[in-house]
Amino acid sequence: MEFTEVIGIRRSIRFFDPDRPVEREKVQKILEAMRLGSCAMNAQWLRAVVVYRDQLSPETFEKLKLPVAGVIMELAPVHIYCYGDLSVIAKDHGARPKQLIDIGALAPSHGWTHRFVDEFVWPQLLEPLTQSPHYPVAMAFDNGGCATQGVLMAYEEGLGACWTAFNTEVAKEAFGIPDDWVPHYLLNLGYPAESREAGGQRPRPPFEELYFEGHASKPFRRDEAVVEELRQRKMIQAPAPLPNRQQELRELARRLGLPE
Ligand SMILES: Cc1cc2nc3c(=O)[nH]c(=O)nc-3n(C[C@H](O)[C@H](O)[C@H](O)COP(=O)(O)O)c2cc1C
């Protein structure tokens, strides 16, 4: 699939074929895509635990589910629990930026030397970051970017996905999550039982209310010619609701034994 179409066809899929397993190699490809995401200082905070729904004990599974997520988790054969590892930087002492210098990704032309890391980056940026109450939030930004690469890979592989919340205390106990790992979200994964369109592309606030140019009071003007090009390239697709969606929802509920 073209990159633009992958972005366009990604939407939260909440109806999975519960009996169709996801190939392990597809799960690996998703994780590989996450791993290639960019992170401040190449810290790579994201941790993910892949759990196969059918290998969970019924008691643990019941306790893991939250009301906003239960049906999705029941239908998705694979669950990827995502965390941020707060211990990364403290253990690292500037080794990751130094590695980027050594391989020529960070260049002396931009001021990057081991000495710069030892005298400025580590003591004035990284170490204070680990002490800051903003650290988990800052880290979550990077992890969201990395995890999103995995989500897009899932669609490239013909799968569907939906992020959900989960019971973090139960997961910590069940999956042996270390104390330093901050819970993010759970990526539910499976083959869609619903159509690829899943009722159409979901609504977003108007472009100009979200993005600005030069000053936060000056909306970034949306060029309709660009929008049209992205329509042609299947990134911008027919908006929800598509005319047959309610019928599709009823049929899905019947087929999967869910309330209508
Ligand atoms: C971090 C995150 C957490 C989410 N948690 C839930 C959830 O608990 N339950 C749910 O049904 N959808 C959840 N969603 C899906 C969003 O509600 C979704 O983005 C929205 O339905 C429309 O966008 P989309 O269909 O383009 O993804 C979550 C999405 C994200 C990114």
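Conventions and cut-offs
Residues numbered from 1 in each chain as written. Predicted model: local features only at pLDDT ≥ 70, side-chain atom pairs only at ≥ 80, totals over all residues. Heavy atoms only, no water. Near = heavy atom within 4 Å. Areas by Shrake-Rupley, 256 points an atom, 1.4 Å probe, with all protein chains shown as cover. Helix = DSSP H or I, 4+ residues; strand = E, 2+ residues; numbered from the N terminus. 1 Å grid on protein atoms, 1.4 Å probe; cavity = no way out; pocket = protein on both sides within 12 Å on 5 of 7 lines; lining within 4 Å. Points joined across faces, edges and corners; volume = space filled by probe spheres on them. Nonpolar A, V, L, I, M, F, W, Y, C, P; charged D, E, K, R; others polar. Buried < 20%, exposed > 50% of the residue type's maximum accessible area, 1.4 Å probe, protein only. Polar contact = N/O pair within 3.5 Å; in protein donor to acceptor, adjacent residues only side chain to side chain. Contact = heavy atoms within 4.5 Å. Salt bridge = Lys/Arg side-chain N within 4 Å of Asp/Glu carboxyl O. Phe/Tyr/Trp six-rings, centres within 6.5 Å; stacked < 30°, edge-to-face > 60°. Lys NZ or Arg CZ within 6 Å of the ring centre and 35° of its normal.

**Re the site of the ligand**
Part 1 of the reasoning: Neighbouring the ligand are 13 residues; Arg10, Ser12, Arg14, Arg202 and Arg204 lie closest to it.
Part 2 of the reasoning: Protein burial of the ligand: of its 620 Å² of free accessible surface, 66% is covered by the chains.
Part 3 of the reasoning: In terms of residues, the shell around the ligand owes the most to one element, strand β3 (residues 160-164), which gives three residues.

**So, empty space enclosed by the protein**
A probe matching the size of a water molecule, rolled over the atoms, marks out where space remains unfilled.
Part 1 of the reasoning: Overall, the coordinates contain one cavity of 30 Å³ or more when judged by the stated rule.
Part 2 of the reasoning: Considering only enclosed or pocket space, the largest cavity measures out at about 40 Å³ in volume.
Part 3 of the reasoning: In terms of lining, the largest cavity is formed by Met41, Ala43, Val88, Ile89, Asp92, Arg96, Pro97 and Leu126.
Part 4 of the reasoning: Among the elements of the structure, α5 (88-92) and α6 (95-102) are those that each provide at least two residues to the lining of the largest cavity.
Part 5 of the reasoning: With three residues, α5 is the largest single contributor of residues to the lining of the largest cavity.
Part 6 of the reasoning: When the residues that make up the lining of the largest cavity are grouped by side-chain class, the tally is six nonpolar, no polar and two charged.

**Looking at the side chain of Thr4**
Part 1 of the reasoning: Looking at the element boundaries, Thr4 is found in helix α1 (residues 3-9).
Part 2 of the reasoning: Accessibility expressed as a relative area gives 7% for Thr4, which makes it buried.
Part 3 of the reasoning: At a separation of 3.0 Å, a polar atom in the side chain of Thr4 contacts the main-chain carbonyl oxygen of Arg233.
Part 4 of the reasoning: The contact partners of Thr4, leaving out residues within four places of it in the chain, are Arg233, Lys234 and Met235.

**A word on the pattern of salt bridges**
Part 1 of the reasoning: Applying the stated rule across the entire model yields 15 salt bridges.
Part 2 of the reasoning: Residue Arg115 pairs with Glu119 through a salt bridge whose shortest N-O separation is 3.0 Å. Of the two residues, Arg115 and Glu119 both sit in helix α7 (residues 114-131), four residues apart, roughly one turn of that helix.
Part 3 of the reasoning: The exposure class of Glu119 is partly exposed, given its relative accessible area of 48%.
Part 4 of the reasoning: Each of Glu62, Lys65 and Glu74 takes part in salt bridges that share partners, so that together they form one network.

**Side note on the packing of aromatic side chains**
Part 1 of the reasoning: Summed over the entire model, instances satisfying the criterion amount to nine aromatic pairs.
Part 2 of the reasoning: Each ring, one from Phe116 and one from Phe120, has its centre 5.4 Å from the other, and the planes form 25°; the classification is stacked. Residue Phe116 and its partner Phe120 are both found in helix α7; the two are separated by four residues, about one turn of the helix.
Part 3 of the reasoning: With a relative accessible area of 29%, Phe116 lands in the partly exposed category.
Part 4 of the reasoning: Look at Phe120 and you get partly exposed, because its relative accessible area is 32%.
Part 5 of the reasoning: Where Phe207 meets Phe220, the ring centres are 6.1 Å apart and the plane angle is 70°; that geometry is what we call edge-to-face. Placement of the pair is Phe207 in helix α10 (residues 207-210) and Phe220 in the loop between β6 (215-219) and α11 (224-232), with a sequence separation of 13 residues.
Part 6 of the reasoning: By relative accessible area, Phe207 is classed as partly exposed at 26%.
Part 7 of the reasoning: For Phe220, a relative accessible area of 35% puts it in the partly exposed group.
Part 8 of the reasoning: Above the plane of the ring of Tyr191 lies Arg20, whose end atom (NZ or CZ) is 3.5 Å from the centre.
Part 9 of the reasoning: Cation over ring: Lys65 sits above Phe61, and NZ or CZ is 4.8 Å from the ring centre.

Limitation: the analysis is restricted to geometry and does not speak to function.
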